[in-house]
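Report on the structure
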Amino acid sequence: MNKYILTFLLISLTHLGLQAQNLRNNPSSNHGNKFEQLGTILPDASPYRTASGAPGANYWQQQADYKINATLDEKALRLHGEEQITYTNNSPDVLTYLWVQLDENQHNPNNESNFFDGNEKGFPLTTGQLDGMDIKKNLEGYGVNILTVADTSGIPLKYTINYTMMRIDLPVALKPKQKFTFQIKWNYKLPERMKIGGRGGYERFGTDSNCTFTITQWYPRMCVYSDYQGWNNKQFTGRGEFSLVFGNFEVSMKVPADHVVASTGTCSNYKEVLTPAQFARWTSTSSATGTVTEPVEVVTLDEAKARELNPDKTNYKVWKYTAKNVRDFAWGSSRKFVWDALPVVVEGKKIMCMSYYPKEAYGLYRKYSTKTVAHTIRVYSKYTIAYPYPVAISVEAANGMEYPMICFNFGRTDTDGTYSSRTKYGMLGVIIHEVGHNFFPMIINSDERNWSWMDEGLNTFVQFLAEQEFDNNYPSARGPAHKIVDYMKLPKNQLEPIMTNSENINQFGPNAYAKPATALNILRETVMGQELFDYAFKEYCRRWAFKHPSPADFFRTMEDASGVDLDWYWRGWFYDIEPVDISLDSVLCFEAKMPSGALEKMVEVKSGGVKPAEFIHISRIRNKASGMKFLVDQDTSLRDFYYYYNESSEPETTKMVNRHENITPVNEEELKAYAGKYYYELHLSNIGGLVMPVIIQWNYEDGTSEVDYISAYIWRKNEFRVTKTFMKEKKVKSILLDPYKETADIFEGNNTWPSKDAPSRFDLYKAKTIGRGQNNEDNPMKKAQK
């Protein structure tokens, strides 16, 4: 009988053993833990919130309506206000008191949050550090002064202030469906934001007496009373942001006569506060019926410069605004403001996209800001719900903070008019992010005080989508899986789960912004696929628009609307801190072929290996393949020097060692069906602990490649080690796990077969110096902008 020979090609890669696992349900088993349903970790369904993640048949929420008169005292740097609040009790509960937020008491010198963080000092100590240690002196005079709290008849109401919270005791219990109206008068010293900190206040410009004012968290606001928590009267420490009630606003702002006001809502008296020329520009722009492609300056640069040279600090004007169904209200005021506007139509609705900025930001904001606002509204409307408000505003204010219809962002050129790519993309990113907050949490109104990730993380995720639709080569800082690796490989005592209260997070940016955004991006691109994910995500936004969702509502809706069991994913990414580290430990290769007569000897082959293509994250590849039209291609005026500049990369080298052994005779007839096939048995281990899909790129000897995606369920029967065999039609030259860096694998050194040489210290030094000097003042790339 003729004989065929089965030849085994074996490459052995060994790695360190598995790290200790934090198993929850069955500690003595190697399975049945990470894929267990969340069960009692999530709250029970109720008539208010269903097990599907939707609002229940008896869902309710409170309402608070405000009428506010405010006066900006520019000379004294104080804000004076009086308000009337009408609170509607839509709950089934009887309320005997109300809780009101006094956020500006964050700066009260006696507020406990100013003292409960550690503050180790470095050496040598500077005078600035020493001055900063005298907190009570630095904060002297700050905080809210409550002048009166009374009912509509002027009868005083009993109240108690507890740092940033004020309890108002009701004279008569407030029953379900009843309303209670009361009045508050207050004032406070405006903080200088660049020194004192905080979200609102004023900013000085050198020795110039003309300031920009950002009036935020400025009025006593109602706390949320909900079905799942009762009163959310958790103190505001500056970290966990806001939990707020929807309502309607009527607000009048009395400001210096030459100021321009940007605000939540729509202005009802532009004709009274603008010059005739400005009002004509506004009327022409806001009433345009055709397509407008360029923003129009309602208040011009020359007008702003003229006001700065001749400030009117004696006379006042009153600007009147209304806003419906919003959870908050903020505004900015300055004689320094240039104001431009661009009407856009998004899903059949006209929206005025606008920007307000001082001359110091003109070089960047005039070119980019309003168009970026419009782009953000379009993209977010596509992935969430149609933008419901009439305006969307970006105000340049050297920081980043968001409120309904208005946000405050940075973006200034250097004094010579140039700017670095870091400044440009930082500005674009913060505008997209803060405008995007109109959706999370201003519309999909999550509880920021407890769960920062529900607004910051979800918003950062959609920000990434908007950035990639702005420019397919946009250098997104958060979203791509490989960007979170440095955080996820930190020592475990420096990490905490995403499902951690806002105040207790050690590294707030990576935990509340980057990791949840990355988790959602991986879920969309790698686990669920874009179609299933996009439908479920949009359904969550539709269900919970203008309502108060909880984490369980999000988790349940994503599963309910997609038909994908994701409990293992929520458990690993949101409730745990384990990283991804999947190791390709060894590969057993075999094929059926005719022997050449003599046994093959062991041969060592050295090769340059396979040079991987320049890394492009998977979203860019799929976006381009889909035919997506990017904003910088549709509007080439948004291209600048940095659009055409790309850094280079150094090639990598690999070494391959082949060894032939175990020549075994088999039956000819049995082999006929398998002749010409190649078989590869992959031995994988889960070193990191976080179960994830296994993505395998096969690079063949003929120069072609293909990628296999294996579901994370491959780990369900053994969460530590898996063996998987594949049949291929062609001979494999090399194997690479996670070729597009989709899973946030923290160690790529165990992802290849054959193994690669580690780069030398000299190679690392060369890579580090590529592109150095990009932000240097003498860099010709920067000067080329002129």
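Numbers given for residues are sequential positions, taken from 1 along each chain in its written order. Since the coordinates come from a predicted model, pLDDT governs what is reported: local features require at least 70, and pairs of side-chain atoms require 80 or more to be given and counted, while whole-chain, interface and lining totals use all residues. Neither water nor hydrogens contribute to the side-chain values; these are computed over all heavy atoms in the structure.

1. Concerning the sheet that holds strand β20 (residues 338–346)
In a beta sheet, neighbouring strands are held together by backbone hydrogen bonds and run either parallel or antiparallel to one another. Two strands are counted as paired when DSSP detects at least two bridges linking them. Going along the chain from the N terminus, every DSSP run of H or I of four or more residues is numbered as a helix, and every run of E of two or more is numbered as a strand. As summarised here, the arrangement of the 6 strands in space is β17-β20-β21-β22-β24-β23, forming an open sheet in which the pairing is mixed. Looking at which strands have only one partner, the edges of the open sheet turn out to be β17 (296–299) and β23 (401–403). Shown here is a sheet whose adjacent strand axes are inclined to one another by a mean of 20°, direction ignored. Pairing between strand β22 (residues 391–396) and strand β24 (residues 406–409): 4 bridges, direction parallel. Opposite Ser394, over in β24, you have Cys407 as the bridge partner. Across the sheet, helix α8 (residues 421–436) lies against β22, β23 and β24, angled at about 155° from β24, the strand it touches most. The axes are straight lines fitted to the C-alpha atoms, using for helices just the contacting stretch, and the angles between their N-to-C directions are given from 0 to 180°. Any two residues whose heavy atoms approach within 4.5 Å at even a single point are treated as in contact.

2. What about the packing of aromatic side chains?
Aromatic rings from Phe, Tyr and Trp, with only the six-membered ring used for Trp, were paired whenever their centres fell within 6.5 Å, and each pair was classed as stacked if the ring planes differed by under 30 degrees, edge-to-face if by over 60, and tilted otherwise. Applying the stated rule across the entire model yields 57 aromatic pairs. Their ring planes at 85° and their centres at 5.1 Å tell us that Tyr425 and Tyr474 sit as a pair that is edge-to-face. Note that Tyr425 is positioned in helix α8 and Tyr474 in the loop between α9 (453–470) and α10 (485–488), a separation of 49 residues in sequence. This pair shows no difference in class: Tyr425 is buried, exactly as Tyr474 is. Exposure categories follow from relative accessible area, calculated using a 1.4 Å probe and restricted to protein chains: below 20% of the type maximum is buried, above 50% is exposed, and the middle band is partly exposed.

3. Brief notes about the environment of Glu469
With respect to the element layout, Glu469 can be found in helix α9. Separated by 90 residues in sequence, Glu469 and Val379 have C-alpha atoms that sit 7.9 Å apart. Ignoring sequence-local partners within four residues, the contact set of Glu469 consists of His375, Val379, Lys382, Tyr383, Met628, Lys629, Phe630 and Leu631. The definition of a polar contact used here is a pair of N or O atoms within 3.5 Å, where within protein one atom must be able to donate a hydrogen and the other to accept one, and adjacent residues in sequence count solely through side-chain atom pairs. One polar contact links Glu469 to Tyr383, side chain to side chain, over a distance of 2.9 Å.

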